[in-house]
Amino acid sequence: MAKNVLVVGGAGYIGSHCVRQLILSGHRPVIVDNLSFGHRQAVPAEAPFHNCDLGDTEAMRAIMENERIDLVMHFAAFAYVGESVENPLKYYFNNLVATLNLLKVMVETGVRQFVFSSTCATYGIPASLPITEDMPQHPINPYGQTKLDVENALKALAHAHGLSSASFRYFNAAGAAEDGSLGEDHNPETHLIPLVFQAALGQRDHISIFGTDYETPDGTCLRDYIHVDDLSRAHIAVFDKLETPGSTYFYNLGTGTPASVREVIDTVEKVCGKKVPVVEEGRRAGDPPALYADSGKAKRELGWELQYPDLEPIIETAWRWHRDHPSGYAK
Ligand code: UDP
């Protein structure tokens, strides 16, 4: 059944890709974004858009009621790990307090279905790999901690108020919309793949490799890069499960196939046919050597399947976006 879905942070990278998938699946997304990081151009013309701050609970309440919202997807969070260490209050207020305000409005207005963007950073440094959902969660920075705090609040709200929720623990979201309409445009950009493209396009001198002495096959960090459209489709595949009041779900979303920093750089060079200048640097503080997912639970329970199991096609979609939008949405 088609749902009215409030997408908080729907003008951002992952949120905007979810909005596109919602429309493709016949749902009605309503977007809330304060455009602090999101892009107005990433919001489709046909979708209602509210330029509103999550902290404005009166406005959020009115949107929830006037738009007859059935389900809320929440992507509006700060996501710079290093900054969260430097300025934890910013993260506790924006990622935890603002989310609790949103949940309070939901409880008060009777909206009982919630999809939350969580993170593999809730696991901290995993005891073994690949990571499964039942492994201990010991975040090593305030960013991961605030996401875990919300996950725990969701369990309590399920019990007390019958709120149903799914928290997706993302690994490294990558790539761009299959139709070229959306892509990754952060400011500042800190993510590996867009930075390598910037170096390939001559927009920066080089790409730095943070650490070449890890105990990994080529000495650089291993991560699990998952296509943002695959990620988005899982968010919709969970809708039926949320019909059961008070149900709480947690799923890893990754491909399960790790790629090293060097492999990412090599693949970008291959895809765009350009040589990328590389500078080897020391380790970046707080980087676990290897993170990759066992996403079997999402596949088994949601009938979700990867359309992009391999890195190269993911990078091809990202390259099309960066080639056609060298200045991002500002083009
Ligand atoms: N990385 C790098 N150079 C950069 C940016 C990132 O070597 O300029 C590495 C980083 O140390 C990590 C991987 O690339 O091992 C992915 O980093 P990113 O910031 O994209 O995502 P994260 O895994 O931190 O969420």
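Above this note sits the structure.
The following paragraphs examine the structure supplied in this document.

Reading guide: rules and limits
Residues numbered from 1 in each chain as written. Predicted model: local features only at pLDDT ≥ 70, side-chain atom pairs only at ≥ 80, totals over all residues. Heavy atoms only, no water. Near = heavy atom within 4 Å. Areas by Shrake-Rupley, 256 points an atom, 1.4 Å probe, with all protein chains shown as cover. Helix = DSSP H or I, 4+ residues; strand = E, 2+ residues; numbered from the N terminus. Nonpolar A, V, L, I, M, F, W, Y, C, P; charged D, E, K, R; others polar. Buried < 20%, exposed > 50% of the residue type's maximum accessible area, 1.4 Å probe, protein only. Contact = heavy atoms within 4.5 Å.

With respect to the site of the ligand
For step 1, the next point in the chain: Neighbouring the ligand are 15 residues; Leu192, Ser208, Arg223, Arg284 and Asp287 lie closest to it.
For step 2, the next point in the chain: For the ligand, whose free accessible area comes to 510 Å², the fraction covered by protein is 87%.
For step 3, the next point in the chain: Top contributing element to the shell around the ligand by residue count: strand S8 (residues 207-210), with four residues.
For step 4, the next point in the chain: Here the shell around the ligand is built from residues that sort into eight nonpolar, four polar and three charged.

Quick word on the environment of threonine 212
For step 1, the next point in the chain: Relative to the helices and strands, threonine 212 is located in the loop between S8 and strand S9 (222-223).
For step 2, the next point in the chain: For threonine 212, a relative accessible area of 28% puts it in the partly exposed group.
For step 3, the next point in the chain: In this structure, the C-alpha to C-alpha distance between threonine 212 and aspartate 230, residues 18 residues apart in sequence, is 30 Å.
For step 4, the next point in the chain: Threonine 212 has contacts with Asp218, Gly219, Thr220, Arg262, Glu280 and Glu281, leaving out every residue within four places of it along the chain.

A word on the environment of isoleucine 140
For step 1, the next point in the chain: Take isoleucine 140: it is sitting in the loop between strand S5 (113-119) and helix H5 (142-161).
For step 2, the next point in the chain: Among the residues examined, isoleucine 140 registers a relative accessible area of 43% and is labelled partly exposed.
For step 3, the next point in the chain: Apart from residues lying up to four places away in sequence, isoleucine 140 is in contact with Gly124, Ile125 and Gly286.

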